[in-house]
Structure formats: C-alpha cells, structure tokens
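Geometric and topological summary
Chain residues, written in single-letter form:
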Amino acid sequence: MHTVIDQINALKKEQGAVILAHTYQSPEIQKTADFVGDSYAMAVYASKLTGYQKAIVCGVRFMAETVKLLAPELEVVLPEPSAGCPMAEQIAPERVRAFKAEHPDIAVAAYVNTTAALKAECDVCVTSSSALKIIRALPQEKILFIPDQNLGAYVRDMVPEKEILLWDGYCPIHSRITEEDVLRARAEHPDAAVAMHPECRPEALRHADVIGSTKEIIDFMKAADRPVIVATERNVYDKLAPELPDKVFYQLCPEKLVCADMKKVTPELVLRALSGGGERMEPTPEVAAGARRALDNMLKYGG
Ligand code: 13P
Ligand code: SF4
C-alpha cells in the first residue's frame with residue numbers, strides 16, 4: 001500500500017514536476033516540497049527553474065501566479081483554487097491605473113501579495129524581506145506603496161529619505177495582533193525576544209526586537225540564544241518547535257495567527273494537482289507582460 005507521499009514522489013518524477021511550498025504551509029506539505037521558502041525566495045527559485053515541465057505551488061494564488069510569470073514555459077498549478085490571500089484582492093487595478101495617470105512621477109511599488117492584474121499596473125514588486133532594499137534603490141523619490149499599510153508604514157519609517165504614500169490595505173491575520181497582545185506576552189516571558197512580521201500594526205511592531213519576513217524570523221529563531229515569542233502565522237512555530245527541542249519558543253496569540261487560506265492545501269490536493277486537478281495559472285499576455293516587468297524590477301533591485 002503506497003502512502004500519499006509515495007504517490008506524490010512517484011508522480012513528480014514521472015511528470016517532471018517540481019513542488020514549491022511557502023513557509024506557512026503545514027509540516028506535511030513542506031515534506032513533499034523540493035523547495036520551501038518565503039515569498040522572495042520562492043520567486044528567485046522560480047526565476048531559475050530549468051529542466052521541469054510542471055510546478056505545483058503550495059501556497060496562495062498570488063504565489064502560483066508569480067511562479068507562472070517568472071517561469072512562463074512551465075505548467076503551473078495551484079492545488080486548491082479557493083486558496084487566496086485576502087489582501088491581494090483589496091485593490092481594483094483600475095484604481096492604480098487612474099492614480100498613475102494623475103501622478104506619472106510617482107513610482108508604484110506593489111507588495112507581491114497582489115493579483116497579477118494589479119502587478120501589471122505597477123512599477124516594481126517587493127516582498128517583506130526585500131522591501132527596504134528595493135525602495136531605497138528605486139530612482140524615484142516619491143513612492144506609492146500598495147496595498148499593505150502596515151508593511152508600508154514600516155518601510156516609511158526605515159527609509160525616511162523617500163516620500164512614501166500608503167494605501168489602506170492590510171493582512172486580516174497579522175493585523176489582528178494588538179499592542180496589548182505583545183505587551184502581555186512580554187510581561188509573561190520577560191526573558192524572551194519578540195520576532196514579528198511587518199504585516200502587523202505599527203503600534204504592535206514598536207515592541208518587537210526583530211521585524212522580518214517569515215524567513216528572517218525563522219533564521220532568528222534558529223540562531224537565538226534566548227526564548228523567542230513568535231508573531232507570525234503559526235505554522236512557523238508549529239514546524240520549528242519540534243525541530244529545535246532545545247530552544248524555547250512561544251507562539252503569540254495562537255488562535256489569532258492562523259491563515260485559513262494557507263491551510264487549504266493538503267497532501268491529497270497536491271496528489272490531485274499532479275493528476276490533472278487544481279487550477280492552472282493562465283494570465284493573459286498583456287497581464288503577463290506588465291506583471292513580469294514589475295517582478296523583473298523586484299529581482300533587479302532586490303538581488
Ligand atoms: P513572506 O514575504 O514573509 O513570505 O510573507 C508572505 C505572507 O503572505 C505573509 O503573510
Ligand atoms: Fe495573505 Fe495574511 Fe494569509 Fe499572508 S497571512 S497569505 S498576507 S492573508
């Protein structure tokens with residue numbers, strides 16, 4: 001009797017498929033993956049893929065779209081079509097097109113958590129790990145940062161030499177964390193460092209010892225010489241805590257920091273995606289050309 005994992009591995013080989021998984025995916029999904037990383041690392045990996053026919057992207061829709069845009073010759077499949085990032089849908093592309101028409105001198109930087117159609121209206125994409133470097137490197141002095149007001153405010157604080165305008169989008173998961181949540185955890189564990197994702201609100205981020213992407217938080221947890229309070233989606237904690245039993249980690253607000261969309265992909269759905277299920281990413285040529293330009297700029301300025 002072959003397990004689902006055995007069947008995935010056999011089909012992967014047979015079909016020349018590669019599996020990419022975001023760090024928020026469950027530990028079982030991460031075990032099936034050829035590559036696990038944050039949004040930026042996934043994009044860089046996708047841009048260098050050769051020798052495969054198919055990519056299964058375990059994450060949310062914008063991640064699968066990004067892989068397709070950067071590796072257009074591959075068949076790219078999202079195992080669960082309803083897995084989306086609510087923040088990615090918070091702006092209609094027409095609104096950005098209208099803004100650009102009125103303000104041609106302002107660069108529009110899109111968090112990679114956006115739809116391909118929205119990226120196509122923007123000058124450059126950024127991720128949480130690359131935003132500071134990219135915004136500093138842009139030739140324009142004035143930048144509209146979309147859609148995440150929290151990541152945007154963090155970038156604005158860290159890059160005061162640029163004038164950064166914010167949109168009003170947000171991650172519905174990370175923005176649940178309040179300043180009181182962080183202060184309470186600090187009081188309960190006074191010897192612990194607080195590691196937070198920049199999608200959290202500014203008033204909560206003020207109390208962080210380190211602010212970073214999922215990969216930066218994971219690196220911090222691995223290197224930490226004291227306990228760490230982890231303030232990002234709880235799969236990061238769930239994967240690392242059993243792997244590093246000698247270290248002490250506390251998950252901040254475990255009931256709040258759950259991204260239901262990230263949890264939708266299961267090994268069974270990955271198997272189905274390898275057998276013709278799931279959704280193929282098929283951007284129109286115009287959207288693909290525009291969004292690819294913004295992603296290429298991300299890799300150029302972020303590399
Ligand atoms: P990373 O850029 O850290 O991968 O984050 C993506 C994301 O969706 C965080 O909520
Ligand atoms: Fe989107 Fe937030 Fe989920 Fe990340 S955690 S995929 S930003 S909803």
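This text follows the structure it describes.
First, a word on what this report is: a plain description of the structure on this page. If you're wondering where the values come from, they're calculated on a predicted model, not measured in any experiment. (Residues numbered from 1 in each chain as written. Chains lettered and ligands numbered in written order. Predicted model: local features only at pLDDT ≥ 70, side-chain atom pairs only at ≥ 80, totals over all residues. Heavy atoms only, no water.)

1. Topic: the sheet that holds strand 1 (residues 17-22)
Whether parallel or antiparallel, the strands of a sheet pair through hydrogen bonds between backbone atoms. One open sheet accounts for five strands, arranged 2-1-3-4-13; its pairing is mixed. Whereas interior strands pair on both sides, the edge strands pair on one side only; in this sheet they are strand 2 (35-37) and strand 13 (279-280). Alignment of strand 3 (residues 54-58) against strand 4 (residues 75-78), held across three bridges, turns out to be parallel. Bridge pairing links Ala55 to Val76 in strand 4. (Pairing = 2+ DSSP bridges. Helix = DSSP H or I, 4+ residues; strand = E, 2+ residues; numbered from the N terminus.)

2. Some points on the packing of aromatic side chains
Taken as a whole and assessed by the stated rule, the structure comprises one aromatic pair. Plain terms: the ring middles of Phe35 and Tyr45 are 4.2 Å apart, the flat faces sit at 10° to each other, and that makes the pair stacked. Highlighted residues: Phe35 in strand 2 and Tyr45 in helix 3 (residues 39-47), separated in sequence by 10 residues. (Phe/Tyr/Trp six-rings, centres within 6.5 Å; stacked < 30°, edge-to-face > 60°.)

3. With respect to the pairing of strand 7 (residues 142-146)
In summary, the side chains of a regular strand alternate between the two faces of the sheet. Burial analysis of strand 7 places four of its five residues in the buried class, which makes it a mostly covered element. Here strand 5 (residues 107-111) runs beside strand 7; their pairing, made up of four bridges, is parallel. When the bridges of strand 7 are listed, Ala110 appears paired with Ile146. (Buried < 20%, exposed > 50% of the residue type's maximum accessible area, 1.4 Å probe, protein only.)

4. Regarding the packing of helix 1 (residues 4-15) against helix 13 (residues 267-274)
Following both chains from N to C, one finds helix 1 and helix 13 inclined at 25°, their axes separated by 10 Å at the closest point. When the interaxial angle is binned, helix 1 and helix 13 end up roughly parallel. The handedness of the crossing between helix 1 and helix 13 comes out as left-handed. Of helix 13, the residues touching helix 1 (which contributes Val4, Ile5, Gln7, Ile8, Leu11, Lys12 and Gln15) are Pro267, Glu268, Val270, Leu271 and Leu274. Of the residues in the contact of helix 1 with helix 13, the class split is eight nonpolar, two polar and two charged. (Axes fitted to C-alpha atoms, helices over the stretch in contact; angles between N-to-C directions. Parallel < 35°, antiparallel > 145°, perpendicular 65-115°, else oblique. Left-handed = near helix turned anticlockwise from the far one by under 90°. Contact = heavy atoms within 4.5 Å. Nonpolar A, V, L, I, M, F, W, Y, C, P; charged D, E, K, R; others polar.)

5. Remarks on the site of ligand 1
Taken together, the residues surrounding ligand 1 are His22, Tyr24, Asp38, Ser39, Asn113, Ser128, His174, His197, Glu199, Ser213 and Thr214. Between His197 and ligand 1, the recorded distance is 3.0 Å, taken from a side-chain N or O atom to an oxygen atom. For ligand 1, an oxygen atom lies 2.8 Å from a polar atom in the backbone of Thr214. For ligand 1, whose free accessible area comes to 300 Å², the fraction covered by protein is 96%. The class makeup of the residues in the shell around ligand 1 is one nonpolar, eight polar and two charged. (Near = heavy atom within 4 Å. Polar contact = N/O pair within 3.5 Å; in protein donor to acceptor, adjacent residues only side chain to side chain. Areas by Shrake-Rupley, 256 points an atom, 1.4 Å probe, with all protein chains shown as cover.)

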